[in-house]
Amino acid sequence: MPRVHSEQPRARKPGHPRQAQDGKPHTLDHLQRLAGNAAVTALIEERLKVQRWGAIAPPVAAPAAAAVAPPTLKQGDTGPEVESLQKKLNELGAALTEDGNFGWRTKAAVTSLQSDVGVKVSGTVDADTWTAITTAKAGSLAAVGLGRQERWKTWIPWAGLSRQQRQDWTALGWNAATWRSKTPPTASSKRFRVLTDAERAAAVRLGYTPASWDARRDVTAANAAAAYAEEEARAKKKAGKKAGKSVLPAGWIGSLHARSILDSQFGGYTKITLPKMEVLTASEMAKKYDGFYGAGSYATDGPLEGFNKDGVNYLNIESQSVDTEVHEMLHAQAHADWKAFAKENSTHVNEGATELLTHDAVSAHGFTPSTSYADQDSLVEAMNRQSSFEQMKKALFKGGADVTKYKADVAAGLKTGKTWAVFQGHYDHGRFAAAIACLK
Amino acid sequence: MTEDALAARVMDLNQRAWRLIQADRTGSRPHADLRREAAELQDELNAVDLSELSEDARRRLQKLLGEAKTECRYILSDGKGPTSLRAAN
């Protein structure tokens, strides 16, 4: 009677072949000698099925597609099933690296597709999502979420875009051919914060916010204003009664839009933060100011362009410009070292530099900048001629040695016999022409 | 007073307010002194009349006057009320 070995399954380390009864490892050669080629081939096929679907395949006679449950895949999963998913998503229009790693990009593509086809948006590939993926056709409505869905729903031919739009989409990697075939470029799958400065500027001009870009939600230029207003209204609602009630006037750059612009323009220098801002009408300003200082205070001191209380900037919408929020938000990004230098005795250098950056940012995004500090602008432009606009930006955002270098550059540009004290004494007291005349 | 002279006057008052608010922030001077000077400066600021100026000039100088007035109020409120945007940012 042959001895029967009842072998209990034991855990083993991956990559360590299980030992056979004779102490030799089970290699394919060994199995082939024991069972023959056909048996080994069948085993390999079964193993591939297991790998593909994550479950034991049904008997050969059963229709595989009907009986085998597709694997549930989610972020963090790896392996050939994920690679297969990525390949399929790419066929539908995604721009994923087919590396078998279910990362945030793959999840974003999955959620976009789920959203478009109306299955539960979870980012996890379940049976319903598999069905949607396998039945969708490239470029179809079901697939459009993988690229820039809203734009493709109302798809405009390349030639129908404005020149600026074509330039912006080109900056993001599109061309006429990929536009026509709806094949997104690599930039489409990058997070907003890792886009280049030029790509960010293009994306914002096209109407994206950092959030909408990362969520792969298209906001076309035509409805960008409404989209920002919607986001700001949502932010205000979330903030509750503390938030201002005023509706932003047409063309006004609100906080979220301002942050997008600054992100696109200066995100490479510093992380742009969103300071608290409330935009108030003149009567709301008066009510709030009088609430702090007593009735009649605002009538004596105002109209004010704004004030700050407990970290909140209150801005008077009736005496501000379209880019005021950009300007005030820029102040909040300035490095402490820069503030110490630029506000040493007056605020003229700080205001001039901030206004030059405001102009740089808003004009790059299609707005006409306002000029509130013409004299200060001239002063800082003259200082920049001794140093550079680029060095001024570094100094303002990064502080430290960049401030030291900027000041040294300007000091080196003083005419013979002129000292920094003389130069500063002029501009501190508003004698801008005399200050500028101190420079070479 | 000519527009240039008035602008220079407003700029000077604005600069004085800035010095007071800086001193208040750093605590470099006795608060009682700052309060007294802020009250005096407030009177001077309230005496400035911009009504004869062009709209552009009036708007530009009103901004500077408003900043200075808010900063004086802030010192006189012992730091309890709002301050100017430039002082806070």
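Heads up: these notes are all about the structure in this document. (Residues numbered from 1 in each chain as written. Chains lettered and ligands numbered in written order. Predicted model: local features only at pLDDT ≥ 70, side-chain atom pairs only at ≥ 80, totals over all residues. Heavy atoms only, no water.)

Here we look at the interface of chain B and chain A
It is common to give the size of an interface as the accessible area lost on bringing the parts into contact.
Next, step 1: In this complex, chain B contributes 27 residues to the contact, which on the side of chain A involves 34 residues.
Next, step 2: Each partner contributes to the roughly 2700 Å² buried at the junction of chain B and chain A, and carbon and sulfur atoms together form 48% of this total.
Next, step 3: A per-residue breakdown of the area chain B buries against chain A is headed by R73, L85 and N89 of chain B, which together make up 26% of the total.
Next, step 4: Counting the contacts that link chain B with chain A gives 2 salt bridges.
Next, step 5: Of the charged contacts in the structure, one is a salt bridge between E305 of chain A and K63 of chain B, with a shortest N-O distance of 3.3 Å.
Next, step 6: Our count for the chain B to chain A interface comes out at 15 residue pairs in polar contact (both at pLDDT 80 or more).
Next, step 7: Elements represented by at least two residues in the side of chain B that touches chain A include exactly α1 (3–26), α3 (55–76) and α4 (85–88) of chain B. (Contact = heavy atoms within 4.5 Å. Buried area = accessible area lost by both parts, 1.4 Å probe. Salt bridge = Lys/Arg side-chain N within 4 Å of Asp/Glu carboxyl O. Polar contact = N/O pair within 3.5 Å; in protein donor to acceptor, adjacent residues only side chain to side chain. Helix = DSSP H or I, 4+ residues; strand = E, 2+ residues; numbered from the N terminus.)

Section: helix α20 (residues 389–398) of chain A
Residues and elements named next belong to chain A.
Next, step 1: Taken together, the buried positions of α20 are occupied by Q391, M392, K393, A395, L396 and F397.
Next, step 2: In the core, the buried residues of α20 are packed alongside α13 (255–266), α16 (324–333), α17 (336–342), α18 (348–364), α19 (374–386) and α21 (401–412).
Next, step 3: One or two positions beyond α20, positive phi appears at G399, with a value near 65°. (Buried < 20%, exposed > 50% of the residue type's maximum accessible area, 1.4 Å probe, protein only.)

Let's talk about the pattern of salt bridges
Residues and elements named next belong to chain A.
Next, step 1: According to the stated counting rule, one finds 15 salt bridges over all chains in the structure shown.
Next, step 2: In this structure, E390 engages K393 in a salt bridge whose closest nitrogen and oxygen atoms are separated by 3.6 Å. A residue pair is termed a helical-turn pair when its members lie 3 or 4 positions apart in one helix, as E390 and K393 do in helix α20 at 3 residues.
Next, step 3: Residue E390 is classed as partly exposed on the basis of its relative accessible area of 34%.

Things to note about the nonpolar core
Next, step 1: Formed by 81 residues in total, the largest nonpolar core has its most connected members in W338, M383 and F423 of chain A.
Next, step 2: Ranked by the residues each element gives to this core, the list is headed by α1 of chain B, at 10 residues.
Next, step 3: In contact with M383 of chain A, not counting residues within four places along its chain, are F341, V349, Y406, V410, W420, F423 and L439 of chain A.
Next, step 4: In terms of nonpolar packing, the next biggest core, distinct from the first, is built from 12 residues, V82, V110, A132 and I133 of chain A among them. (Core = buried A, V, L, I, M, F, W, Y, C linked by side-chain atoms within 4.5 Å.)

Concerning empty space enclosed by the protein
Next, step 1: Counted under the stated rule, the structure contains 3 cavities of 30 Å³ or more.
Next, step 2: Reported here for the second largest cavity is a volume of approximately 130 Å³.
Next, step 3: Taken together, 16 residues form the lining of the second largest cavity, with E305 and G306 of chain A together with K63, E67 and L85 of chain B sitting closest to its centre.
Next, step 4: Listed by contribution, the elements that provide at least two residues to the lining of the second largest cavity are α16 of chain A together with α3 and α4 of chain B. (1 Å grid on protein atoms, 1.4 Å probe; cavity = no way out; pocket = protein on both sides within 12 Å on 5 of 7 lines; lining within 4 Å. Points joined across faces, edges and corners; volume = space filled by probe spheres on them.)

Some remarks on the sheet that holds strand β3 (residues 312–316) of chain A
All names here are of chain A.
Next, step 1: Strand order across the open sheet formed by 3 strands is β1-β3-β2, with mixed pairing between neighbours. Each edge of the open sheet carries a strand with a single partner, namely β1 (276–280) and β2 (306–309). The sheet shows a mean angle of 20° between the axes of neighbouring strands, taken without regard to direction.
Next, step 2: Sheet topology note: the β2/β3 ladder contains 4 bridges and is antiparallel. Paired with K309 across the two strands is V312, which belongs to β3. (Pairing = 2+ DSSP bridges. Axes fitted to C-alpha atoms, helices over the stretch in contact; angles between N-to-C directions.)

Some remarks on the pairing of β1 of chain A
Residues and elements named next belong to chain A.
Next, step 1: For β1, the buried fraction is high: 4 of the 5 residues fall into the buried class.
Next, step 2: As paired elements, β1 and β3 share 5 bridges and run parallel to each other. In the strand pairing of β3, L280 is matched with N316.

A word on the packing of aromatic side chains
Given two aromatic rings, their pairing is described by the distance between the two centres and the angle made by the two planes.
Residue and element names in this part refer to chain A.
Next, step 1: Throughout the structure, instances matching the rule amount to 13 aromatic pairs over all chains.
Next, step 2: Taking the centre distance of 5.5 Å and the plane angle of 70° together, the rings of W338 and F341 count as edge-to-face. Taken together, the positions of W338 and F341, both in helix α17 and 3 residues apart, correspond to about one turn of that helix. Note on accessibility: W338 and F341 belong to one class, buried.
Next, step 3: Above the ring of W420, the side-chain terminus of K407 is found at 5.0 Å from the ring centroid. (Phe/Tyr/Trp six-rings, centres within 6.5 Å; stacked < 30°, edge-to-face > 60°. Lys NZ or Arg CZ within 6 Å of the ring centre and 35° of its normal.)

These figures come from the coordinates and say nothing about function on their own.
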